[in-house]
Amino acid sequence: MEKITGVILAGGKGTRMNGSKPKVLMEIEGKPMIKRIAECFDPADFKKTIVVVGDLKSEIARVLASDIRFARQAEPKGTLDAFKSALPFLTDGDTALVVPADIPFLTKERLTEIIKFHYETQGKAVVVGMKVENPKGYGRLTIRNNRLSIIEEKEANSTEKMIPYVNTGIYVFPISLVKDLVNQVTNRNQSGEYYLTDLVALLAEKDQIVPLYYPEDYTLKGVNDLTSLKSLLEEKACQEKGN
């Protein structure tokens with residue numbers, strides 16, 4: 001069975017943490033966040049790992065293993081634009097497991113589960129969702145016109161913001177399915193950015209993507225600021241105590 005390629009999206013500036021270091025380089029429990037995530041992609045299990053970077057390539061490269069490959073995102077124009085930056089390193093026969101660089105407690109075991117699920121879908125793309133008590137800050141996973149849809153937080157109306165199913169930002173994309181579709185995504189939205197969620201919508205139109213839902217779990221949660229990091233650390237401590 002062909003090994004999957006890991007793609008870590010670390011092209012943003014990550015200034016919302018208000019610290020002396022960019023978000024992906026902040027140390028969490030003694031290790032930079034980007035390093036924690038990259039170490040989930042064991043070379044024994046993945047064909048290769050690509051980290052999409054912006055202006056922080058030298059700083060990020062310093063904390064990662066030498067076998068990591070880097071793709072350059074010239075400007076932070078959204079998650080789809082970041083993913084497109086990695087495409088020159090991928091062939092039609094490849095499959096990419098895409099992960100944002102701000103999920104500090106992601107585990108190898110979670111990635112193994114996601115890959116196993118993908119193989120069970122007969123080659124379809126996968127979006128990883130989670131049912132949470134407080135969905136604020138996340139894109140919402142829902143069904144519109146009998147099709148899977150993701151609504152970004154900033155695009156959601158008051159009713160949609162109450163949906164408890166959220167997008168973790170983790171995807172599995174067979175390159176043969178998405179190589180042409182990525183160029184059909186537009187940036188006609190409030191942010192003027194290119195979203196991977198719009199790629200999901202195009203795949204859903206073709207019935208080529210399925211959701212994998214998890215119950216609420218700190219290993220799949222991202223952090224945007226110091227408040228969310230503090231909350232996640234408290235949640236992790238609570239779960240580890242069995243509460």
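What counts as what
- Residues numbered from 1 in each chain as written.
- Predicted model: local features only at pLDDT ≥ 70, side-chain atom pairs only at ≥ 80, totals over all residues.
- Heavy atoms only, no water.
- 1 Å grid on protein atoms, 1.4 Å probe; cavity = no way out; pocket = protein on both sides within 12 Å on 5 of 7 lines; lining within 4 Å.
- Points joined across faces, edges and corners; volume = space filled by probe spheres on them.
- Helix = DSSP H or I, 4+ residues; strand = E, 2+ residues; numbered from the N terminus.
- Nonpolar A, V, L, I, M, F, W, Y, C, P; charged D, E, K, R; others polar.
- Polar contact = N/O pair within 3.5 Å; in protein donor to acceptor, adjacent residues only side chain to side chain.
- Contact = heavy atoms within 4.5 Å.
- Salt bridge = Lys/Arg side-chain N within 4 Å of Asp/Glu carboxyl O.
- Buried < 20%, exposed > 50% of the residue type's maximum accessible area, 1.4 Å probe, protein only.
- Pairing = 2+ DSSP bridges.
- Right-handed = clockwise from strand over helix to strand, strands pointing away.
- Core = buried A, V, L, I, M, F, W, Y, C linked by side-chain atoms within 4.5 Å.
- Phe/Tyr/Trp six-rings, centres within 6.5 Å; stacked < 30°, edge-to-face > 60°.

Peer 1: In this structure, what is going on with the layout of surface pockets? I would like to understand it.
Peer 2: To find the voids left in a structure, one rolls a probe of water-molecule size over its atoms. Of the voids in this model, the second largest pocket is the one considered here, and its volume is about 240 Å³. For the lining of the second largest pocket, the secondary-structure elements that each account for two or more residues are helix H1 (33-38) and strand E4 (46-53). Among the elements that line the lining of the second largest pocket, the one with the most residues is E4, at 4 residues. Of the residues contributing to the lining of the second largest pocket, the split by class is 8 nonpolar, 1 polar and 6 charged.

Peer 1: What's the story with the side chain of Asn167 in this structure? I'm lost.
Peer 2: Turning to its location among the elements, Asn167 is positioned in strand E10 (residues 165-174). Within the local environment of Asn167, its side chain forms a polar contact with the backbone nitrogen of Gly169, the two atoms lying 2.9 Å apart. A polar side-chain atom of Asn167 sits 2.8 Å from a polar atom in the side chain of Tyr171. In this structure Asn167 touches Val127, Val128, Tyr138, Gly139, Leu141, Ile150 and Thr197, once residues within four positions along its chain are discounted.

Peer 1: Mind showing me how you'd approach the pattern of salt bridges here?
Peer 2: Any two side chains of opposite charge can pair, so long as their charged atoms come close to each other. This model, assessed by the stated rule, comprises 19 salt bridges. A salt bridge links Asp207 to Lys124, with the nearest nitrogen and oxygen atoms 3.5 Å apart. One end of the pair, Asp207, is in the loop between helix H6 (196-205) and strand E11 (209-215); the other, Lys124, is in the loop between helix H4 (108-120) and strand E7 (125-131), with 83 residues separating them in the sequence. Lys221 is the salt-bridge partner of Glu235, the closest N and O atoms lying 2.8 Å from each other. Residue Glu235 is found in helix H7 (residues 226-240), and its partner Lys221 is found in the loop between E11 and H7; the two are separated by 14 residues along the sequence. Accessibility assignment for this pair places Glu235 and Lys221 in one class, buried. Taken together, the salt bridges that share partners define one network made up of Glu29, Arg36, Lys236 and Glu240.

Peer 1: Looking at this structure, how should I read the pairing of strand E5 (residues 69-72)?
Peer 2: Every other side chain in a regular strand lies on the same face of the sheet, so the side chains alternate between the two faces. In this structure, E4 lies alongside E5, joined through 4 bridges in parallel fashion. Note that in E5 the partner of Val51 across the bridge is Phe70. Considered for its hand, the β-α-β crossover made up of E4, helix H2 (residues 57-63) and E5 is right-handed.

Peer 1: Please clarify how the nonpolar core should be interpreted in this entry.
Peer 2: The nonpolar side chains of soluble globular proteins are, as a tendency, buried together. In terms of nonpolar packing, the biggest core is built from 44 residues, with Ile34, Val51, Ile60 and Leu97 touching the most fellow members. Take this core: its biggest share by element is 4 residues, from H1. Leave out the neighbours within four places in its chain, and Val51 touches Ile8, Ala10, Ile34, Ile60, Leu64, Ile68, Arg69, Phe70 and Ala71. Among the nonpolar cores identified, the runner-up in size contains 32 residues, and Ala96, Leu141, Ile150 and Ile209 belong to it.

Peer 1: I keep staring at the packing of aromatic side chains and nothing clicks. Help me out?
Peer 2: Two aromatic rings are characterised by how far apart their centres lie and by the angle between their planes. Enumeration over the complete set of coordinates arrives at 5 aromatic pairs. Summarising the aromatic geometry, the rings of Phe83 and Phe173 are spaced 5.3 Å apart at their centres and angled 50 degrees between planes, so their arrangement reads as tilted. You can see Phe83 sitting in helix H3 (residues 79-86) and its partner Phe173 sitting in strand E10, a full 90 residues away along the chain. The pair formed by Phe83 and Phe173 is uniform in burial state, with each residue classed as buried.

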